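Below, each chain spelled out in residue letters.
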Amino acid sequence: MGAVQQYKLFIDGKWEQADQTMEVIDKFTLKPFAAIAKARRQHVTAAVQSAHAALKTPFSPFERYKVLSKVAQLLQEHREDFANTLVLEVGKPIRESLGEVDRAIQTLIISAEEAKRIHGEGVPVEAAAGSEKRIAFTMRVPVGVIAAITPFNVPLNLVCHKICPAIAAGNSVILKPSDLTPIVSLKLAELFSEAGLPSGRLQVVTGDGPEIGTWLLDNEQVRMFSFTGSLRVGQLIRQKAGIRKVALELGNNSATIVHKDCNMDQAVEMVAVKSFNNSGQVCISVQRVFVHEDIKAEFARRLKERTEQFVVGNPHDKQTDIGPMISLKEAERVEGWVQEAVDQGASLISGGKRDGALYYPTILTDIKPEMKVCRQEVFGPVVSIDTYQEIDEVIHKVNDSEYGLQAGLFTNDLAFAMKAAKEIEVGGLIINDASAYRVDHMPYGGVKNSGTGKEGPSYAIEEMTEEKLIVINL
Ligand SMILES: NC(=O)C1=CN([C@@H]2O[C@H](COP(=O)(O)OP(=O)(O)OC[C@H]3O[C@@H](n4cnc5c(N)ncnc54)[C@H](O)[C@@H]3O)[C@@H](O)[C@H]2O)C=CC1
Ligand SMILES: O=C(O)[C@H](O)CS(=O)(=O)O
């Protein structure tokens, strides 16, 4: 086994050790490959103070643009190293890991560009009687200190979706990455430092999630929480943040409809790939497929055939499509949910097999909506197939969920597509693709228990700035 590399906290532009550490596990070998510092309350307090103090030093939009552009260039130069780190800490196959690095570069570039476009608007106050001699306009000003709390599954690009718009908008950020996958965040902080980001504009505090979360929530100098993760933690942050700003990207049990008039080749390919990539640990991953009764048998047969072509195994191997889940415990949880569904009458038509933390891509039919694999978020490589006859019926089935992030619909019927656009309760409906479509400049965020607020740099900048009105009495 290679040496276990030690990582420190990044506070006020410097690397700081803590008296305790936590191991980071290689998700394929299940052996430690790195250790991170476990922050204490005083580290978090120092990080917030440094972030707050940094706001007093001017940092112009053009300077922010230059720093973010430089980090994009540095990340391009370190592309392989970052991808290999993702393979180790997430267990994400190398091809997909390279794809995540490429998307993170885009998120940096888009945020850099957006830094130059932040603007207010004219407000025609002179149109009101008695205000004829006044003019007014708005400005967008930074919120201040933002806490960014991120999940394990896409630890580079989802971190970029928080810290890049925050910096572009002139804020200071305290990043608390997932303790399961913190290393790319620490490496990214090195790149920001090399690119000349002023001290205090970015801090990375690693350690215990609930502890650091509590210390950040207790500190009133933190003016906004931007969180991606589970509904449980999102609700807790919402409750404790009080009147401070909160943006929440939470879970989903994403639906995709396959209508009888669709392009079957396209539907099979997209559903197969987008149910199982990153071992289904993507919150827009296809989980519930609704197939028109007339084509169900053919769709299920072809989805099974395509799914069984995926190579499951070592994420370092270029041939691998599906690597391990984030932990043995999570793979065992998914195994238990599938077994419970089968015990309750579901039919297993593919997969259902576990080998350590590897869980094979699994397809269930004959499901009931109350089964955990349908009702709750699986966050694993499991898809269930249900059927429908009528359009109203399937819209009702899709909406029968506490979540509403994104959904997919395969159809060539424009009237159905437009009805679905109006009636399906989601933040995004993807027509002629599965639910798991995201490019990094689009607005991304959910309704219902999938959260509040939008990501995508220009949308996140809206969330991360306040609109201030200026009125001049001439
Ligand atoms: N809507 C979206 O864009 C996405 C949503 N997710 C959701 O995230 C979940 C999986 O990710 P996990 O990392 O397991 O989620 P999680 O909610 O367990 O953890 C997310 C982050 O919150 C931290 N945390 C844990 N307890 C905390 C507390 N009491 N206070 C403050 N922070 C705390 C964790 O350390 C981690 O950094 C799934 O439910 C998934 O749907 C994941 C990716 C994207
Ligand atoms: O929701 C997620 O898990 C991610 O945002 C999806 S993506 O950005 O990796 O496409």
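Keep in mind the model is a prediction, meaning the values are calculated, not measured.

Visitor: Whenever I open this one, the site of ligand 1 confuses me. Can you help?
Guide: Thr150, Lys176, Ser230, Leu250 and Glu377 are the nearest of the 27 residues found near ligand 1. One of the side-chain N or O atoms of lysine 176 is found 2.7 Å from an oxygen atom in ligand 1. Here an oxygen atom of ligand 1 sits 3.4 Å away from a polar atom, N or O, in the main chain of glycine 229. Protein chains bury 89% of the 840 Å² of accessible surface belonging to ligand 1 in isolation. Where the shell around ligand 1 is concerned, the elements lending two or more residues are helix H7 (209-218), strand E11 (222-228) and helix H8 (231-240).

Visitor: Would you explain the nonpolar core in this entry?
Guide: Ranked by size, the top nonpolar core spans 56 residues in total, and within it Leu75, Leu108, Leu156, Ile163, Leu188, Phe192 and Leu202 carry the most contacts. Of all the elements, helix H4 (residues 94-115) adds the most residues to this core, at eight residues. Leucine 156 has contacts with Leu75, Phe82, Leu86, Glu100, Val101, Ala104, Val184 and Leu188, leaving out every residue within four places of it along the chain. Judged by nonpolar contacts, the second largest core, of 28 residues, contains Ile11, Val48, Phe225 and Ala241.

Visitor: Honestly, the packing of helix H1 (residues 41-54) against H7 in this entry has me stumped. Any pointers?
Guide: Each pair of packed helices gets described by two things: the angle between the helix axes and the distance between those axes. Direction vectors running N to C along H1 and H7 enclose 45°, while the axes themselves pass 10 Å from each other. Judged on the interaxial angle alone, H7 and H1 are oblique. Note that H1 runs across H7; the crossing there is right-handed. In this structure, H1 uses Arg41, Val44 and Val48 to contact H7, whose residues at the interface are Ile212, Trp215, Leu216 and Asp218. Residues of the contact of H1 with H7, tallied by class, amount to five nonpolar, no polar and two charged.

Visitor: Before we go on, may I ask you to explain the packing of aromatic side chains in this structure?
Guide: How two aromatic rings sit relative to each other is given by the distance of their centres and the angle of their planes. Taken as a whole and assessed by the stated rule, the structure comprises four aromatic pairs. Pairing phenylalanine 276 with phenylalanine 310 gives two aromatic rings, centres 6.2 Å apart and planes at 75°, and the pair type is edge-to-face. You can see phenylalanine 276 sitting in helix H9 (residues 264-276) and its partner phenylalanine 310 sitting in the loop between helix H10 (296-307) and helix H11 (328-343), a full 34 residues away along the chain. The same class applies to phenylalanine 276 as to phenylalanine 310, namely buried.

Visitor: Help me understand the domain arrangement of the chain, please; the structure alone is not making it clear to me.
Guide: How big an interface is tends to be stated in terms of accessible area lost as the parts join. When the domains of the chain are assigned, the result is domain 1 (5-251 + 450-473) and domain 2 (255-439). A straight line from the C-alpha centre of domain 1 to that of domain 2 covers 31 Å. A combined buried area of about 2,400 Å² lies between domain 1 and domain 2, and 58% of that area is made up of carbon and sulfur atoms. The partner of glutamate 455 in a salt bridge is arginine 438, with the nearest N and O atoms 3.5 Å apart. For the side of domain 1 that touches domain 2, the secondary-structure elements that each account for two or more residues are helix H3 (79-90), H4 and helix H5 (157-168). For the side of domain 1 that touches domain 2, a count of residues per class yields 13 nonpolar, seven polar and nine charged.

Criteria and thresholds
- Residues numbered from 1 in each chain as written.
- Chains lettered and ligands numbered in written order.
- Predicted model: local features only at pLDDT ≥ 70, side-chain atom pairs only at ≥ 80, totals over all residues.
- Heavy atoms only, no water.
- Near = heavy atom within 4 Å.
- Polar contact = N/O pair within 3.5 Å; in protein donor to acceptor, adjacent residues only side chain to side chain.
- Areas by Shrake-Rupley, 256 points an atom, 1.4 Å probe, with all protein chains shown as cover.
- Helix = DSSP H or I, 4+ residues; strand = E, 2+ residues; numbered from the N terminus.
- Core = buried A, V, L, I, M, F, W, Y, C linked by side-chain atoms within 4.5 Å.
- Buried < 20%, exposed > 50% of the residue type's maximum accessible area, 1.4 Å probe, protein only.
- Contact = heavy atoms within 4.5 Å.
- Axes fitted to C-alpha atoms, helices over the stretch in contact; angles between N-to-C directions.
- Parallel < 35°, antiparallel > 145°, perpendicular 65-115°, else oblique.
- Left-handed = near helix turned anticlockwise from the far one by under 90°.
- Nonpolar A, V, L, I, M, F, W, Y, C, P; charged D, E, K, R; others polar.
- Phe/Tyr/Trp six-rings, centres within 6.5 Å; stacked < 30°, edge-to-face > 60°.
- Domains from an automatic or database assignment.
- Buried area = accessible area lost by both parts, 1.4 Å probe.
- Salt bridge = Lys/Arg side-chain N within 4 Å of Asp/Glu carboxyl O.

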